[in-house]
Amino acid sequence: FHDPFCGGGALPLEAQRLGLEAWASDLNPVAVLITKAMIEIPPMFAGRPPVGPLPEGECEQIPVGGWTGARGLADDIRRYGAWMRTEAEKRIGHLYPKVEVTEEMALERPDLEPYVGRELTVIAWLWARTVKSPNPAFADVDVPLVSNFMLSTKAGKQAYVQPVIEDGGYRFVVRVGAPDSPEVVQRGSKSGGSHSAFVCLMSGAPMPFEYLRAEARDGRMGSRLMAIVAEGDRGRVYLSPTEQIEAVAGEAKPEWKPEVEISHWPGRTNVVEYGLKQFGDLFTDRQLVALTTFSDLVQEARERVKPDAAAAGMPDDGRGLSDGGAGATAYGESVACYLALAVDRLAMTGNSLVRWNGVGEKAQHCFGRQSLPMVWDFAEPNFLGNATGSLDAAVFYSSDPLNWMNPIVGGAVSQLDAAQLTASSRRVISTDPPYYDNIAYADLSDFFYTWLRRSLQPIFPDLFSTLATPKSQELVASPYRHDGREHAEAFFLNGMTAAMKRLAGEAVDGLPITIYYAFKQSESDGGDGVASTGWETFLAAVIRAGFEIAGTWPMRTEMRTRQVARNANALASSVVLVCRPRAEQAGIATRRDFLQTLKTELPDALRHLQRGNIAPVDLAQSAIGPGMSIYTRYAKVLDADGSQLSVHDALALINQTLDEVLAEQEGEFDADTRWAVAWFDQFGFAEGDFGVAETLSKAKNTSVRGMDDAGIVESGRGKVRLLKPEELPEGWDPVRDHRLAVWEATHYLVRALDQGELAAARLARRLGGVADAARDLAYRLYVICERKKRPQEALAYNALVQSWPEIQRLASESVGALTQDQLEV
């Protein structure tokens, strides 16, 4: 198996789990290192017990089943990670003091009484960025920029920061309980208007973004401790800041920091506009001291592992990982790799772009999205604690996945440009290439690369030979890199074509090449349907490389809980393009031939996708496959003027045909449903004139009065509107409904699904065969909602289809309990 765009190594890992020898490559050194940790290192030391000394106070515990797979390696990472923490405490422990709860604190906060005289472990320090007040009367005051004063929003455990103005300045005080003015607390010092970002705490003067940028560029942006989060007996304890605790942070004097420049990626790295121009600027001085200490300890741990491994009987050939070694020296380097990844995770959860999550009461790492946006009030986790953001947590996340890896074959990964692939023997090729202009991973990878290079350059001198990750060859259409969008698109097209041609040259007879693509169509082309520059350019590269798209399959690869998908109409699946080299004898077709074949073949292909329960949000994306399969079976498709039909126009025709097919499916529904769909297309759930509704009902062979009696609409005072799912009558039983419409069934199912899949399954049982028609209607309604920009309604229909397999399963478990009459219905 070979993946030439391996990224984080997911595809090679799954191939290895299936028993295939996994080969992978990527241009990005961070991706290469992660994939090494996934597929290359674990097989080398599979089945070996750990060699490191147990942390103090622990007894040897052999896991059930023994040290199978990579369990021994995982435990050694944990053991040497514990040693790193102990050593770090000796060197920098003074920068991470506990906080003492005094009687004075308890006088203001009775809830602190149980903690008086105790020293509590700090979980995080919460800071607010500051700038000088724009009001001349307070020109010497560093006023805070706070997006939210709430610390905890949990019911019964609310806590917030209250700024107290006094003596020409201010101080922060932590209060518990619900705030008197929730809106003010939740808005922080943000401006309520549209012309400024924040307001001055002292004077109320507006502070627009331009002012904040100027203050930052002139070196007048600072920070001030706003609150302390400590570990209590039954959860978090929030404390007011003290001068002593704040002063400790100022004692840190870093001797090194990453000096790689942050690429100014408009809309993604706006931190640059606020003076944070190098990656080292993203960290506080205390974080820099700690991270460099941990980085140094990675190499020290490596030197400890080698003799421990030799003493445990592991042979040593003196060769490291870069030299193909597999003995004690290579083992020490392997443990160091995972510890370096743990330090990288610390950097991700310990920087000045980390938010405090008031719901989960924890620090939220800086990469919720693939960007580096400015954060005004930030959380600084305690690296030497044991909560989120600590070294213990980072080591756990770097080692624990190895407990579940039991590789039965080897793997290898190398740093390589996909366009420079060398010829290989028989390989199954499957890959997930870059998505046009979605994400310039190299720019963001530098955040991690700088720390990895410091920790691991002695182990991988070639992989970390440059100061930053390679960018000029990265296949991303970035206008800011390539002098505008036109040049960026040409760069992507030419580079992807070259890479695809190399893949075509690697193709083995009988083995198709599969390409994952989760890039959603999103751009309107002016009335002929929807097309996407990303898809156009990518497909053009595939076609120019000589491939025919033999088929497509949607695969569920995206997490519903990922931040970008929450409450969003986000793509839920990747589309897998199944490609084969185009036949040399491929013919030429006209636009008319192409369109006619589309109308003949696409309906069956779409029904096949619907039977496979493809989510409505993915239907248009998945339809590209069958459509482009027709387009690419020809050497050329000629337009009416004799020119070649572009990929853009082909995509527009595919989407146009998709809409027609879905519209034709309406003919299979009952009259009431056909009327409701047409009305919904025009008005949604809003009111419309009775006369318009009555005219439309005659065309659909139904009547408004009949639909009102059936409980589909509400009419009166010359107006008509469809009932929303939550407004439908209670106690409805489809078995007794003598005017059962598919529209009703769909919306009762939507309402039932709000109570869970079991409730929807019970209703589906009573609907019998109508239930499948209700699901089919959900596809049509989703497309209407997406076109009319009704995202919340669209999500409801999408959810019904996505839950359908489970609804069917639950419904079938008790189908035997239905009567014959119910089954017939």
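A quick note: this is a predicted structure, and the numbers were derived from the prediction, not measured. (Residues numbered from 1 in each chain as written. Predicted model: local features only at pLDDT ≥ 70, side-chain atom pairs only at ≥ 80, totals over all residues. Heavy atoms only, no water.)

Glancing now at the overall build of the chain. For the chain, the helix and strand inventory stands at 25 helices and 28 strands. Along the three orthogonal principal directions, the C-alpha set of the chain runs to about 80 × 70 × 60 Å. Expressed as a percentage of its 825 residues, the buried residues of the chain come to 53%. Considering only contacts within the chain whose residues lie at least 6 apart along the sequence, 70% involve residues at least 24 apart. (Helix = DSSP H or I, 4+ residues; strand = E, 2+ residues; numbered from the N terminus. Buried < 20%, exposed > 50% of the residue type's maximum accessible area, 1.4 Å probe, protein only. Contact = heavy atoms within 4.5 Å.)

This paragraph deals with the side chain of Gln 299. By the element assignment, Gln 299 lies in helix α8 (residues 285-311). Residue Gln 299 is classed as buried on the basis of its relative accessible area, which comes to 16%.

We now examine the pairing of strand β2 (residues 22-26). Every regular strand shows the same layout, with side chains that alternate between the two sheet faces. Burial runs high along β2: four of the five residues are buried. Judged from the two bridges that link them, strand β1 (residues 2-3) and β2 form a sheet pairing that is parallel. Looking at the pairing, Asp 3 lines up with Ala 24 of β2. Since β1 and β2 lie parallel, the crossover through helix α1 (residues 10-17) that links them has a hand, and here it is right-handed. Across five bridges, β2 lies against strand β17 (residues 411-415) in parallel orientation. Along β17, the bridge assignment pairs Ala 22 with Gly 411. (Pairing = 2+ DSSP bridges. Right-handed = clockwise from strand over helix to strand, strands pointing away.)

Backbone hydrogen bonds hold the strands of a sheet together, and the pairing may be parallel or antiparallel. An order of β7-β8-β9 is seen for the three strands of this open sheet, with the pairing classed as antiparallel. Of all strands in the sheet, those with a lone pairing partner are β7 (150-152) and β9 (169-176), marking the two edges. Along the sheet, successive strands turn relative to each other by an average axial angle of 30°, direction set aside. As defined by bridge partners, β7 adjoins strand β8 (residues 159-166) across two bridges and the pair is classed as antiparallel. Within β8, the position partnered with Ser 152 by the bridge is Ala 159. (Axes fitted to C-alpha atoms, helices over the stretch in contact; angles between N-to-C directions.)

All right, on to the packing of helix α20 (residues 742-753) against helix α21 (residues 757-767) then. The contact between α20 and α21 brings their axes to 7 Å, and the two run at 155°. With respect to their mutual orientation, α20 and α21 come out roughly antiparallel. Where α20 abuts α21, its residues Ala 745, Tyr 748, Leu 749, Ala 752 and Leu 753 lie against Glu 757, Ala 759, Ala 760, Leu 763, Ala 764 and Leu 767. Considered class by class, the residues forming the contact of α20 with α21 number 10 nonpolar, no polar and one charged. (Parallel < 35°, antiparallel > 145°, perpendicular 65-115°, else oblique. Nonpolar A, V, L, I, M, F, W, Y, C, P; charged D, E, K, R; others polar.)

Read across the open sheet, the three strands follow the order β1-β2-β17; overall the sheet is parallel. Looking at strand neighbours, the two that pair on one side only are β1 and β17, the edges of this open sheet. Across the face of the sheet, α1 comes into contact with β1, β2 and β17 while running at roughly 175° to β2.

Bringing the packing of aromatic side chains into the picture now. According to the stated counting rule, one finds 24 aromatic pairs in the structure shown. Seen in terms of ring centroids, Tyr 238 and Trp 356 are 6.4 Å apart; in terms of plane orientation they differ by 85°. Their pairing is edge-to-face. You can see Tyr 238 sitting in strand β13 (residues 235-239) and its partner Trp 356 sitting in strand β14 (residues 355-357), a full 118 residues away along the chain. Its relative accessible area of 4% is what places Tyr 238 among the buried residues. Judged by relative accessible area, which is 16%, Trp 356 ranks as buried. Between Tyr 449 and Phe 464 the ring centres are 5.4 Å apart and the planes differ by 40°, which places this aromatic pair in the tilted class. Taken as a pair, Tyr 449 in helix α11 (residues 441-456) and Phe 464 in the loop between α11 and α12 (485-506) lie far apart in primary sequence, 15 residues in all. We classify Tyr 449 as buried; its relative accessible area is 0%. Ring pairs connect the aromatic residues Trp 256, Phe 279, Phe 283, Phe 367, Phe 447, Phe 448 and Trp 451, which therefore count as one cluster. (Phe/Tyr/Trp six-rings, centres within 6.5 Å; stacked < 30°, edge-to-face > 60°.)

Here the focus is the side chain of Ser 445. Along the chain, the position of Ser 445 falls in helix α11. Take Ser 445: its relative accessible area is 10%, and that puts it in the buried class. Those residues in contact with Ser 445, other than ones at most four positions away along the chain, are Asn 28, Val 30 and Thr 469.

For the rest of this paragraph, the subject is the pattern of salt bridges. This model, assessed by the stated rule, comprises 44 salt bridges. A salt bridge links Glu 273 to Arg 213, with the nearest nitrogen and oxygen atoms 3.1 Å apart. Of the two residues, Glu 273 sits in the loop between α7 (243-249) and α8 while Arg 213 sits in helix α6 (residues 209-217), which places them 60 residues apart along the sequence. Judged by relative accessible area, Glu 273 falls into the partly exposed class, the value being 26%. For Arg 220, the salt bridge goes to Glu 215, with nearest N and O atoms at 2.9 Å. Arg 220 gets classed as partly exposed once you look at its relative accessible area, which sits at 35%. With a relative accessible area of 5%, Glu 215 lands in the buried category. (Salt bridge = Lys/Arg side-chain N within 4 Å of Asp/Glu carboxyl O.)

Purely geometric stuff here, so don't read any function into it on its own.
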